[in-house]
Amino acid sequence: QQQVKQSPQSLIVQKGGISIINCAYENTAFDYFPWYQQFPGKGPALLIAIRPDVSEKKEGRFTISFNKSAKQFSLHIMDSQPGDSATYFCAASIRGANNLFFGTGTRLTVIP
Amino acid sequence: GAVVSQHPSRVICKSGTSVKIECRSLDFQATTMFWYRQFPKQSLMLMATSNEGSKATYEQGVEKDKFLINHASLTLSTLTVTSAHPEDSSFYICSAEEMRNTIYFGEGSWLTVV
């Protein structure tokens, strides 16, 4: 059973546009929600993460929006650039349980 | 940010041989490290959780005698694929948990068994 559901599977955005990737979860015990960026042939790199005590976290062009009641969180990439083209994974974990549950990934392509 | 190093980044081995992949946390101590496997265009699949000084905890369906994990120190965990076969060819990724409950990933290791 997929603990974290991610959509869309693929996304094409024009340069300068906003990329939005959504994730949903069921387990209310999750309390850590990171996003990872993975380029082909490389390991995932931590992009940004949020804990459920805040509804939004922004780092540069990347913003996580978190809706605790809906059990959803999303990644927004503002002013998307071709260099942002990668696969993005959302994940969730329970503090103390350590291991991450990953979404299925979203392949983002930003076209010039 | 914290850095996790994996070595080798690419390895080719003959069927039937064993290959070892190292995962090191370079600037923090990691009591817990994780090993994942990733098939092309798919998400990461957790193989096992490795705790320093104790036996690894394997996920269901992962053969512990085939994928040997050793976490001998707070900065090093190793994955040994024993008697490798072509179907073991994959991208193997480790991650390590920093004290602030943040998890960092290594660059991954491509294993090709011929």
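The present account deals with the structure reproduced in this document. These numbers come from a predicted model, not from an experiment.

Bringing the packing of aromatic side chains into the picture now. Under the definition given, this model contains 17 aromatic pairs over all chains. Measuring from ring centre to ring centre gives 6.0 Å for Y36 of chain A and F102 of chain A, while their planes differ by 50 degrees; the resulting arrangement is tilted. Taken together, the residues span a long stretch of sequence, with Y36 of chain A in strand β4 (residues 33–38) and F102 of chain A in strand β10 (residues 101–102) at a distance of 66 residues. In this structure, Y36 of chain A and F102 of chain A share a single accessibility class: buried. With a centroid separation of 5.5 Å and 45 degrees between ring planes, the pair formed by Y36 of chain B and F105 of chain B is classed as tilted. Placement of Y36 of chain B in strand β4 (residues 32–38) and of F105 of chain B in strand β10 (residues 103–105) is noted, with a sequence separation of 69 residues between them.

Glancing now at the layout of surface pockets. Its boundaries defined by the atoms lining it, the largest pocket holds a volume of some 630 Å³. If you go around the largest pocket, you meet 24 residues; those closest to its centre are L44, M45, L46, M47 and E59 of chain B. With four residues, the single largest contributor to the lining of the largest pocket is strand β5 (residues 44–51) of chain B. Looking at side-chain class alone, the lining of the largest pocket contains eleven nonpolar, eight polar and five charged residues. Of the voids in this model, the second largest pocket is the one considered here, and its volume is about 500 Å³. In terms of lining, the second largest pocket is formed by 23 residues, of which the most central are T87 and R107 of chain A together with P40, K41 and Q42 of chain B. Elements with a minimum of two residues in the lining of the second largest pocket: β9 (86–92) and β11 (106–111) of chain A.

What follows covers the pairing of strand β11 (residues 109–113) of chain B. Residues and elements named next belong to chain B. Only one face of β11 is buried, namely the one carrying S109, L111 and V113, since none of W110 and T112 on the opposite face is buried. Pairing of strand β9 (residues 90–97) with β11 involves three bridges; the strand directions are antiparallel. Each bridged residue has a counterpart across the sheet, and for S90 the counterpart in β11 is L111.

Frequently, the measure chosen for interface size is the accessible area removed from exposure when the parts meet. Taken together, the contact between chain B and chain A spans 22 residues of the former and 18 residues of the latter. Note on chain B versus chain A: buried area summed over both sides is about 1,600 Å², and carbon and sulfur give 55% of it. On the surface where chain B and chain A come into contact, there are one salt bridge. The closest approach of N and O atoms between E107 of chain B and K42 of chain A, which form a salt bridge, is 3.8 Å.

What follows concerns the environment of S89 of chain B. All names here are of chain B. Note that S89 resides in the loop between β8 (76–81) and β9. As a C-alpha pair, S89 and R37 span 52 residues in sequence and 9.8 Å in three-dimensional space. Ignoring any residue separated from it by four or fewer positions in sequence, one finds S89 in contact with R37, F39, L111, T112 and V113. A polar atom in the side chain of S89 sits 2.8 Å from the backbone nitrogen of V113.

Reading the values: rules and limits
- Residues numbered from 1 in each chain as written.
- Chains lettered and ligands numbered in written order.
- Predicted model: local features only at pLDDT ≥ 70, side-chain atom pairs only at ≥ 80, totals over all residues.
- Heavy atoms only, no water.
- Phe/Tyr/Trp six-rings, centres within 6.5 Å; stacked < 30°, edge-to-face > 60°.
- Helix = DSSP H or I, 4+ residues; strand = E, 2+ residues; numbered from the N terminus.
- Buried < 20%, exposed > 50% of the residue type's maximum accessible area, 1.4 Å probe, protein only.
- 1 Å grid on protein atoms, 1.4 Å probe; cavity = no way out; pocket = protein on both sides within 12 Å on 5 of 7 lines; lining within 4 Å.
- Points joined across faces, edges and corners; volume = space filled by probe spheres on them.
- Nonpolar A, V, L, I, M, F, W, Y, C, P; charged D, E, K, R; others polar.
- Pairing = 2+ DSSP bridges.
- Contact = heavy atoms within 4.5 Å.
- Buried area = accessible area lost by both parts, 1.4 Å probe.
- Salt bridge = Lys/Arg side-chain N within 4 Å of Asp/Glu carboxyl O.
- Polar contact = N/O pair within 3.5 Å; in protein donor to acceptor, adjacent residues only side chain to side chain.

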